[in-house]
Amino acid sequence: MRRFENLLFISDGVQDELDGLKQALSLSQAHHCTLTVLIIYPELPESLGNYQGNWEQALIENTKLQLAQAKSALSLSEQSVMPIILAESSKKPSTLIIQHVLRDNYDMVIKSASFNQCETGLKAIDMELLRQCPCPVWLCRPITHAQKKVHVAVAIDAENDSREETDLDLMLLQLSRSLADNCDGSLNIISCWDFPYEEIAGNPFIHVPEQELQQSIKEAEQKHIHGLKALITLSGIGGPVKEFHPKGLPQKCIPAIIESEGIELLIMGTVARSGIPGFIMGNTAEDIIQNTKCSILALKPKGFVTDVKAY
């Protein structure tokens, strides 16, 4: 199971990031790991260059205040989890974040989810991190329950056909089990399936008998369920689980289950250059992320290489 030792929280030093900081501090406490807060702000014009030091200090002080509020809300002592706070200006925030990950070996990036003006989707910086950041990315949205009552879910592609896809599914299951153990203890496992031939089979020129069609659909469902159970067994996870096997497209089924079950953290895979069905950034995974209201923890497969250079 993957363990986290070096977390990086991204801040702009200005917005209210209390929910995100609470989630970062809780994760840091649960894994006994180092937490760094990186404040990224726009480059100041040359005419204000003399004030850069003062500006950075103001951002740092505001972040310290929010950290104190987050600790108080979590009933943490002042001495616990003292994050390192850095401030840096950049014209390309997502590139700077990924460069820090590459140079300083951070094993998770945590950030409050940013929405565009119409609030129908994430801003470009978040989507770029999901596509290009080599380590897991946790996008925080408000969580209303205490940690021990938070509902955790994981989205799995049970019908994979490569070692890369299987390894990603196993990582997702093992990590989500660990996180669920630190929350309400129960893990919700969501795996969608579909029978794309159903409409075609009803074409009068083909005319598959209804009984044969329903038998084929049932066999497809059973194959999917058996595949998921085999993955769960292979992952070695224990503890209470609740399985969901909805028939339909992931971008429709997963947000619906998240809403109906009150899920507050979804763990899922995001892949920029792979053939995993239903988990391609810019397509299904992006639709799921943008249409859910919970926090998201996104993982990439082993061997993923970002286009961003460390220097």
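Residues numbered from 1 in each chain as written. Predicted model: local features only at pLDDT ≥ 70, side-chain atom pairs only at ≥ 80, totals over all residues. Heavy atoms only, no water.

**What to know about the environment of Cys33**
Piece 1. Inspection of the secondary structure puts Cys33 in the loop between α1 (18–31) and β2 (34–41).
Piece 2. Accessibility expressed as a relative area gives 11% for Cys33, which makes it buried.
Piece 3. Measuring from C-alpha to C-alpha, the distance between Cys33 and Arg3 comes to 9.2 Å, with 30 residues separating the pair along the chain.
Piece 4. Beyond its immediate chain neighbours, meaning those up to four positions away, Cys33 contacts Phe4, Glu5, Asn6, Leu7, Leu27 and Ser28. (Helix = DSSP H or I, 4+ residues; strand = E, 2+ residues; numbered from the N terminus. Buried < 20%, exposed > 50% of the residue type's maximum accessible area, 1.4 Å probe, protein only. Contact = heavy atoms within 4.5 Å.)

**Here's the deal with the packing of α1 against helix α2 (residues 52–73)**
Piece 1. Following both chains from N to C, one finds α1 and α2 inclined at 60°, their axes separated by 9 Å at the closest point. By the angle between their directions, the pair α1 and α2 is classed as oblique. Along this stretch, α1 crosses α2, giving a crossing that reads as right-handed. Residues Leu18, Leu21, Lys22 and Leu25 of α1 form the contact with α2, whose own contacting residues are Gln66, Leu67, Gln69, Ala70, Lys71 and Ala73.
Piece 2. Across the contact of α1 with α2, the residue classes tally to six nonpolar, two polar and two charged. (Axes fitted to C-alpha atoms, helices over the stretch in contact; angles between N-to-C directions. Parallel < 35°, antiparallel > 145°, perpendicular 65-115°, else oblique. Left-handed = near helix turned anticlockwise from the far one by under 90°. Nonpolar A, V, L, I, M, F, W, Y, C, P; charged D, E, K, R; others polar.)

**A look at the sheet that holds strand β1 (residues 6–11)**
Piece 1. Judged by pairing direction, the sheet is mixed, and its 10 strands sit side by side in the order β3-β2-β1-β4-β5-β10-β9-β6-β7-β8 without closing on themselves. The sheet is open, and its two edges are formed by β3 (84–89) and β8 (241–244), each paired on a single side. Strand after strand, the sheet turns through a mean of 20° between neighbouring axes, direction not considered.
Piece 2. Of the strand pairs in this sheet, strand β6 (residues 152–155) and strand β9 (residues 265–269) are connected by three bridges, and their pairing is parallel. Bridge pairing links Val154 to Ile267 in β9.
Piece 3. The sheet strands contacting α1 are β1, β2, β4 (108–112), β5 (137–140) and β10 (295–299), and the helix crosses β1 at an angle near 175°. (Pairing = 2+ DSSP bridges.)

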